[in-house]
Amino acid sequence: MVIYGGGKMLVRIVYYMNNTLPKEKIVVTNDIKKAERIAREEMERLRARDYELEWVA
């Protein structure tokens, strides 16, 4: 996949759960603050103990 300047980036969010395997979500954005907000909101909904963000492309 080729992404040209000005395009959206992919962010991989990994949610670490208490008693199960981690869950993943891919978000399309070029704003790290938006990705963090999405991760925090989803973490509360999933009742995860932590999350990790990673730029994919």
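Below you will find a few notes about this structure. (Residues numbered from 1 in each chain as written. Predicted model: local features only at pLDDT ≥ 70, side-chain atom pairs only at ≥ 80, totals over all residues. Heavy atoms only, no water.)

Once that is clear, we can look at the sheet that holds strand E3 (residues 50-55). The antiparallel open sheet is built from three strands, whose spatial order is E2-E1-E3. Edge strands, defined here as strands with exactly one partner in the open sheet, are strand E2 (23-29) and E3. With strand direction ignored, the average angle separating the axes of adjacent strands in the sheet is 25°. Pairing of strand E1 (residues 9-16) with E2 involves seven bridges; the strand directions are antiparallel. (Pairing = 2+ DSSP bridges. Helix = DSSP H or I, 4+ residues; strand = E, 2+ residues; numbered from the N terminus. Axes fitted to C-alpha atoms, helices over the stretch in contact; angles between N-to-C directions.)

Let us now look at the nonpolar core. Of all hydrophobic cores here, the largest spans ten residues; its members are Val11, Ile13, Tyr15, Met17, Val27, Ala35, Ile38, Ala39, Met43 and Ala48. Per element, the largest residue contribution to this core is four residues, and it comes from helix H1 (residues 32-46). Not counting chain neighbours up to four residues away, the residues in contact with Met43 comprise Tyr15, Ala48, Arg49, Asp50 and Tyr51. (Core = buried A, V, L, I, M, F, W, Y, C linked by side-chain atoms within 4.5 Å. Buried < 20%, exposed > 50% of the residue type's maximum accessible area, 1.4 Å probe, protein only. Contact = heavy atoms within 4.5 Å.)

Another point: the environment of Tyr15. Mapped onto the secondary structure, Tyr15 falls in strand E1. Assessed through its relative accessible area of 1%, Tyr15 is described here as buried. For the pair Tyr15 and Glu52, spaced 37 residues apart in sequence, the C-alpha to C-alpha distance is 6.7 Å. Dropping the residues within four chain positions of it, Tyr15 is found in contact with Pro22, Lys23, Lys25, Ile38, Ala39, Glu42, Met43, Leu46, Ala48, Asp50 and Tyr51.

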